[in-house]
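Spelled out from the first residue to the last, the chains are:
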Amino acid sequence: WGWRFNHMDLDQNQGGVLSGTNSTTLRSENHGTAVIGEYSGDPNSNGITGICPDAWAAAVSFSQPTARAIRTAADRLRPGDIMLLEIHRAGPRFNFQARNDQRGYIAIEWWPDDCEAIRYAVNKGIIVVSAAGNGRENLDSSIYDTRPAGFPSWWRNPFKRDPLDSGSIIVG
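The model shown is predicted, which means the values in this text are computed figures rather than measured ones.

Cut-offs used in this document
- Residues numbered from 1 in each chain as written.
- Predicted model: local features only at pLDDT ≥ 70, side-chain atom pairs only at ≥ 80, totals over all residues.
- Heavy atoms only, no water.
- Axes fitted to C-alpha atoms, helices over the stretch in contact; angles between N-to-C directions.
- Helix = DSSP H or I, 4+ residues; strand = E, 2+ residues; numbered from the N terminus.
- Parallel < 35°, antiparallel > 145°, perpendicular 65-115°, else oblique.
- Contact = heavy atoms within 4.5 Å.
- Nonpolar A, V, L, I, M, F, W, Y, C, P; charged D, E, K, R; others polar.
- Phe/Tyr/Trp six-rings, centres within 6.5 Å; stacked < 30°, edge-to-face > 60°.
- Buried < 20%, exposed > 50% of the residue type's maximum accessible area, 1.4 Å probe, protein only.
- Lys NZ or Arg CZ within 6 Å of the ring centre and 35° of its normal.
- Pairing = 2+ DSSP bridges.
- Core = buried A, V, L, I, M, F, W, Y, C linked by side-chain atoms within 4.5 Å.
- Salt bridge = Lys/Arg side-chain N within 4 Å of Asp/Glu carboxyl O.

Caption draft 1: Layout of the packing of helix H2 (residues 66-76) against helix H3 (residues 112-123). Running from N to C, H2 and H3 cross one another at 5°; their axes reach a closest spacing of 8 Å. As the angle between them shows, H2 and H3 are arranged roughly parallel. Contact with H2, carried on its side by Thr66, Ala67, Ile70, Arg71, Ala74 and Asp75, involves Asp113, Asp114, Glu116, Ala117, Ile118, Tyr120 and Ala121 of H3 and no other residues of that element. Partitioning the contact of H2 with H3 into residue classes produces seven nonpolar, one polar and five charged.

Shown next, in the form of structure tokens:
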């Protein structure tokens, strides 16, 4: 949701926020900045060096609907580029209620519009990596097989990978 692209370890190869509004909430900025630093931190005498410091990094904020943000990012990327979805959402385990401990949160590909947006990116040759670990959920649980009201009739649990597979790499 937020990043500090002016951080001392993020001076090189940074594109900033390309779409949406950058969060100014300290918690969001700290988390987003740390995540980008893990892979794109500059090789210098300050702090850390990222896994791939020569990678160009930019962000699309989820201040807009998530599916739109994913498609916007996909339209700016090329085949072989990597899109990190640093977002998850409260799932059915606790009746979709937000929780401070994030228990029950799941990867956003479970929602049909987000799953389709991820498939759009993957079909363009983009490698999509989806966060799915903070909720401490077993994604094989049958709770994720029940189609909620308002979901389209074609929807199936995408965590089963068959018949619906977003193509993303889910990381827990």
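Caption draft 2: Structural detail: the packing of aromatic side chains. Scanning all chains against the criterion turns up eight aromatic pairs. Relative to Tyr144, the ring of Trp110 has its centre 6.2 Å away and its plane inclined at 80°; by these criteria the two rings are edge-to-face. Within this pair, whereas Trp110 is found in the loop between strand S5 (105-107) and H3, its partner Tyr144 is found in the loop between strand S6 (127-131) and strand S7 (169-171), the two being separated by 34 residues in sequence. Assessed through its relative accessible area of 0%, Trp110 is described here as buried. Here Tyr144 falls in the buried class, since its relative accessible area comes to 0%. Here the aromatic cluster, defined as three or more aromatic residues joined through ring pairs, consists of Phe96, Trp110, Trp111, Tyr144, Phe151, Trp155 and Phe159. If you follow Arg71 out to its NZ or CZ, it ends over the ring of Tyr120, 4.6 Å from the centre.

Caption draft 3: Region of the structure containing the sheet that holds strand S3 (residues 82-85). Strand order in the open sheet formed by three strands is S3-S6-S7, and the pairing between neighbours is parallel. Single-partner strands in this sheet number two, and they are S3 and S7. Along the sheet, successive strands turn relative to each other by an average axial angle of 20°, direction set aside. In the packing of H3 onto the sheet, contacts are made with S3 and S6, and the angle to S6 comes to roughly 145°.

Caption draft 4: Summary view of the nonpolar core. Residues Phe62, Ile70, Met83, Leu85, Ala121, Ile126 and Val128 are the most contacted members of the largest nonpolar core, which totals 16 residues. Secondary-structure elements contributing two or more residues to this core are H2, S3 and H3. For this core, the leading source of residues is H2, giving five residues. When neighbours within four sequence positions are excluded, Ile126 is seen to be in contact with Ala74, Leu77, Arg78, Asp81, Met83 and Ala121. With 12 residues, the next largest nonpolar core counts Ala107, Tyr144, Phe151 and Leu164 among its residues.

Caption draft 5: Layout of the pattern of salt bridges. A complete count under the given rule lists 10 salt bridges for this structure. The salt bridge partner of Asp75 is Lys124, with a shortest N-O separation of 3.5 Å. Note that Asp75 is positioned in helix H2 and Lys124 in the loop between H3 and S6, a separation of 49 residues in sequence. For Asp75, a relative accessible area of 48% gives the class partly exposed. Taking relative accessible area as the criterion, Lys124 reaches 30% and is therefore assigned partly exposed. Of the charged contacts in the structure, one is a salt bridge between Asp114 and Arg89, with a shortest N-O distance of 2.8 Å. Here Asp114 is found in helix H3, whereas its partner Arg89 is found in strand S4 (residues 88-90), with 25 residues between them in sequence. The buried category is assigned to Asp114, whose relative accessible area is 0%. Three or more residues are tied together by salt bridges with common partners; here these are Arg93, Arg103 and Glu137.

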